[in-house]
Amino acid sequence: MEKLVVIGAGMASGRLLEHLINAAPDRFEVTLFNAEPRGNYNRIMLSPVLSGEKSYAEIVTHDDDWYQAHGVTCRFGERVAHIDRDRKVVVGARGEVPYDKLVIATGSDPFIVPCPGHDLDGVIAYRDLDDTNRMIDQAPGSRAVVIGGGLLGLEAAAGLRLRGMEVTVLHLAGHLMERQLDPAAGYLLRADLERRGITVMTQASTKCIRGDGSVEAVELEDGTLLPADLVVMAVGIRPAVALAKDAGLSVGRAIEVDAQMQTSDPHVFAVGECVEFAGQLFGLVAPLYDQAKVLAATLLGEDAAFAPKQLSTKLKVTGCDLFSAGDFTDAPGREDIVYRDPARGIYKRLVVEDDRLVGAVMYGDTADGNWFFGLIKDGTDVSDMRETLIFGPAYQGGAAADPMAAVAALPADAEICGCNGVCKGRIVEAIEGGATDLGAVRATTKASASCGTCTGLVEQVLAATLGDAFAVPAAQPVCGCTDLSHEDVRRLIKSQELKSQPAVWQELGWRTPNGCHVCRPALNFYLLADWPLEYRDDPQSRFVNERKHANIQKDGTFSVVPRMWGGVTTAAELRAIADAAEKYDVPTVKVTGGQRIDLLGVKGEDLPHIWADLNAAGLVSGHAYSKGLRTVKTCVGTDHCRFGTQDSTGLGIRLEKRLWGSWTPHKVKLAVSGCPRNCAEATCKDVGIVCVDSGFEIGVGGAAGMDVKEVERLAKVATEDEAVEWTVAFVQLYREHARYLDRPYKWLGKVGLDWVKDTLSDAAARTALVARFDLSQTVYQSDPWAELSTRDRARGFAPLADLTLEAAE
Amino acid sequence: MDTVLETTKTFVEVAEIWVPENDRLVLSGGVYGRHDAFAEASHFESFTKGEGLPGKAWAEARPVVLKQFDGSYFKRTEAAKAVGLTSAVAVPVFAGSTLKAVLVVLCADDATRTGAIEVWAELDGILKLEDGYYGAATHFEWVSQHTQFPRGQGLPGGVWASNTPILMRDLGSGYRFIRSESAGKAGLTTGLGVPVPVPGGATYVLTLLSAKGTPIARRFEIWDARLAKTGPRETAKLIDGICEREGPLWDPENAGNERVAHAWEGPVGRVLGTGLPVVETGAAAGGYAMMVGLPIHRGGELAHVVAWYC
């Protein structure tokens, strides 16, 4: 009999032994080493053992009886010290064993993030039964932090939660399982896990693990401190190659093998996660089993060759139904087919290229996963079934869910018009009483008679109540991704508490996987305006000027405009501007209509440097590119002017310092004139304040661009404090209600100045608006120059780059 | 196939199905074991909404545990007492707002029979024990009464969060953190948790905790019948299960090719076809003395079938 020594009793080598024993039971005298004190068990089923949904006994593949029955000599719990290839012996802790053929199946080691504190007691990996038992033994109510939101990390998190722990998952990427899922499916998965009481933090980078001997907390790069009794590292694996390397075998990222699983030594073979084949590593079980089959044939002298195949993924968390296969990254020439059913939490996306299915992501409805996987693997031409492909092999004529259903399902006491407190029942009553169109409903109930954002909803109630007798006027949809209007989207973001773009895409049934260049900037604004603390601004959903924080010019250069509070500057600032203009060869220096100095013709790669220089002189970005506060223009006021009635310059500076940095639906320009002579031209601004002897006249909705329009009076107030309060409240109301890219005058044209006046006349409402604005400013009032001129960030301004998710202007 | 006569007594002695007919619940099937007299009494019974135990489960749209027949609304007290049946649990089966049936199980009390049938209800965002029948596991009963489950925690919290049935093994260790010591002492090993959907959105979870000596069941099965998982209608896949005789009823190596039940074929198939629970005995129950198949509807459609055999 040939002497076969196998190092590692994992799933790959276990399958190899089964093949060998089935094909030639008497051919080999097998010695099996395993560092773990046990034989082969189904390692990928450790997660249900952790959660309690399976017992360890159920996942044992080969028990003692099996090894005994097949004459396998087990050296379990014994580490192999080294391999002596010259003498053809394996040296274990308890003595050496000669071999004719050697199989290395050492698998992989978990990757431990080498942050400070990674070696504290209570920091564990998730790899084997011992790790699993360590987690099971953790006391109830303990706090666990799982680092890594991939397959393994999420399974650990769900299991720990079921075991009664408070669990937080930290994930470095923007969405969970980013290698297997797109953002939309990642959003659904996150929602599913959060429903289980698991806290999920994405874009969370671990700085260190704190503790005195044992784990006490995890500290993130942003300073967040998460108390923890247990930290589970599930960030990836590394092939275990030390033994092979020491033995002088050819090792790249892992042990290099040929298609017969032979290493650089013809008597030594390798199989499983420790091998590298054609530059590829392996972590899922299917290719490992293929390798085992090939290696068994090789050892038996038969012809066989290993060829990697397409893989699909399964997450073993009860109740989370997801499927992903193939390649679903965006690329030119690829086309998406998307199906969403928000009510049932279903998202399906197919990626087609050259009439072939190349990728599939599914959440909630995975019935056809294997069929799609087959189409991907076989490269089937899908052009004939393109129209119905998304519905799977048993296409049953399914269509998108009826958007009316949600409205029809609302109870009678559901509030439809928030402004006037009108509920659905009252509207239905009015309709049944003869109010069969929008105007009549408005007149009867006051629903949609104020700000108008519920108009679409009222129309849907009309349609749901009257059926065919009412035709819903076609609202202009945001873009081709949806049938919903901007107003509907804004309303639903608030009412359904949608706090991320994937949440909007999914819950509002977007037809595209991740929006388009039209809807993304609008959604980005709506979300940051409504959820300043929860939503994170997405630079890739911004127009190029906002992404670059500078206005791009027709020759590809940029303009740089430092902020000058209220149009006031100093000799030192002017000197710094002049120095910067010379240093960076700025060809044009121009004074703007908004009382600023514009440096035109700055090269993209110089931007971070010129910003840094201007920053050093105390100048910050003037946001001359943004949908946000641009300038507050002032006249000199009582300080210098004979006609000045108030300190217009001081008020202008105060307003600018309060409002700068805030994002708005479109640009916002202010002016403060010290007397009715109006030298600051306040009466054609979005907000224009004219000072008079008795106080401040606040006008809103002016324009001096494509349209020219004089402001209308919003209010007259006695004190500067009131002028600031009213202005801030107005800007916040505009931020909360206007459609993206509507200037204030356009928005006022839709909702009516009367509604705005009524709303702002309520002191409590005004206070609340100001509070919400100030809350938002705690996040957004920061100078992008200071942030972006640091060296790391500056790299992003070097010429290059085609970011697929960027919104183009 | 012969009925297997296991040597140990089972926890549940009688199971019966009551279905709505006009404005009453009538008996559509039952397994009564040796309790012929109680069977006789039941065959002539029917319940209006709110009447008796099945009528109460219907009217109140929730699972109901009744541990004391004397002086209660239970209508067959004399017949039950005569054969030693002392407690009962009624589980309404709703598809959306439609009552499909009420499953009633009855247990006999003695000093040694251990197990638990529990009903957990959500109150203020947490699952609390509504009521439960524990046989001789009195300490465990006390512990359960003083335990609460947040979303995602423990068998009840896990069922609630995932909205799917869950079969937990080795409850002694699985419940280590909350009810372990007590569960271990009571010999409770396996737990089946089942969501009980009712109209109106209230959350109820039914758990069956089984002890080795007096098992609630010797075999548990969970079938996934969701269209989103199985594709064509009226089939179900056996996604999990454990059996005293056959061992695990799942095989990860066979993922995607699980055992499939087809509508109308066998008792699970009959649950699929009708959307109603079934109770069987003898050959129709795979040779077990009693088989119960319980459908779980979601959004008005059949989503899962759980079956237990004892």
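Source: prediction; values computed, not measured.

Caption draft 1: Structural view of the overall build of chain B. Each helix and strand counted, chain B has 9 helices and 19 strands in total. Counting across all 310 residues of chain B, residues that qualify as buried make up 53%. Once local pairs closer than 6 in sequence are excluded, the contacts in chain B between residues at least 24 apart make up 55%.

Caption draft 2: Structural context of the UniProt feature "binding site: [4Fe-4S] cluster" (unreviewed entry) in chain A. Residues and elements named next belong to chain A. In the numbering used here, UniProt assigns the "binding site: [4Fe-4S] cluster" (unreviewed entry) feature to Cys 635, Cys 641, Cys 675 and Cys 679. Taken together, the annotated residues stretch across 45 residues yet fold into one region, lying no more than 10.7 Å apart by C-alpha. Structurally, Cys 635 can be placed in the loop between β32 (629-634) and α21 (648-659). Sequence-distant contacts of Cys 635, that is, excluding residues within four places in its chain, are made with Cys 641, Ser 648, Ser 673, Gly 674, Cys 679 and Ala 680. Take Cys 675: it is sitting in the loop between β33 (668-673) and β34 (687-692). Cys 675 has contacts with Phe 643, Gly 644, Thr 645 and Cys 691, leaving out every residue within four places of it along the chain.

Caption draft 3: Up close: unusual backbone geometry. Residues and elements named next belong to chain A. Phi angles above zero are rare outside glycine, and His 549 is one such case at about 55 degrees. By secondary structure assignment, the location of His 549 is in the loop between α18 (544-548) and β28 (551-552). Judged by the 25 C-beta atoms lying within 10 Å of it, His 549 falls in the buried class. For Glu 681, which is not glycine, the phi torsion reads 55 degrees and is therefore positive.

Caption draft 4: Spatial organisation of the domain arrangement of chain A. Segmenting chain A into domains produces domain 1 (2-109 + 239-299), domain 2 (123-235), domain 3 (321-389), domain 4 (409-537), domain 5 (544-621) and domain 6 (629-780). Measuring from the centre of the C-alpha atoms in domain 1 of chain A to the corresponding centre in domain 4 of chain A gives 60 Å.

Caption draft 5: Just the nonpolar core, in detail. Grouped together as the largest cluster of nonpolar side chains are 96 residues, with contacts concentrated most on Val 102, Leu 103, Val 105, Val 305 and Trp 308 of chain B. Ignoring any residue separated from it by four or fewer positions in sequence, one finds Val 105 of chain B in contact with Val 12, Val 14, Ala 15, Ala 88 and Val 89 of chain B. Ranked by size, the runner-up nonpolar core spans 89 residues in total, among them Leu 176, Val 317, Phe 323 and Tyr 740 of chain A.

Caption draft 6: Molecular detail of the environment of Tyr 740 of chain A. Residues and elements named next belong to chain A. Note on placement: Tyr 740 falls in the loop between α22 (720-737) and α23 (744-751). Judged by C-beta crowding, with 21 C-beta atoms within 10 Å, Tyr 740 ranks as buried. A sequence separation of 299 residues divides Tyr 740 from Val 441, and the C-alpha atoms of the two residues are 27 Å apart. Not counting chain neighbours up to four residues away, the residues in contact with Tyr 740 comprise His 486, Pro 521, Ala 522, Phe 525, Tyr 526 and Pro 665.

Caption draft 7: Here's a closer look at the pairing of strand β18 (residues 288-298) of chain B. Residue and element names in this part refer to chain B. Taking burial as the measure, the 11 residues of β18 include 8 buried ones, the bulk of the element. In terms of strand pairing, strand β17 (residues 278-282) meets β18 through 4 bridges, oriented antiparallel. Across the sheet, Val 278 pairs through a bridge with Gly 293, a residue of β18. In sequence, β17 turns back onto β18 through a hairpin of 5 residues, with Gly 286 there showing a positive phi of about 65 degrees. In the sheet, β18 pairs with strand β19 (residues 301-309) via 8 bridges, with the strands oriented antiparallel.

Caption draft 8: Structural context of the confidence of the model for chain A. All names here are of chain A. For chain A, mean pLDDT is 89; residues scoring 70 or higher make up 94% of the total. In the model, residues 396-403 has pLDDT below 50 throughout and makes 5 contacts with residues more than four positions away in sequence or in other chains. Contacts of residues 797-809 to residues separated by more than four positions or lying in other chains number 22 contacts, the stretch itself having pLDDT below 50.

The rules behind these values
- Residues numbered from 1 in each chain as written.
- Chains lettered and ligands numbered in written order.
- Predicted model: local features only at pLDDT ≥ 70, side-chain atom pairs only at ≥ 80, totals over all residues.
- Helix = DSSP H or I, 4+ residues; strand = E, 2+ residues; numbered from the N terminus.
- Buried ≥ 20, exposed ≤ 12 C-beta atoms within 10 Å, placed from the backbone.
- Contact = placed C-beta atoms within 7 Å.
- UniProt positions renumbered as here; feature names shortened; annotations may be inferred.
- Domains from an automatic or database assignment.
- Core = buried A, V, L, I, M, F, W, Y, C linked by C-beta atoms within 7 Å.
- Pairing = 2+ DSSP bridges.
- pLDDT = per-residue confidence, 0-100.

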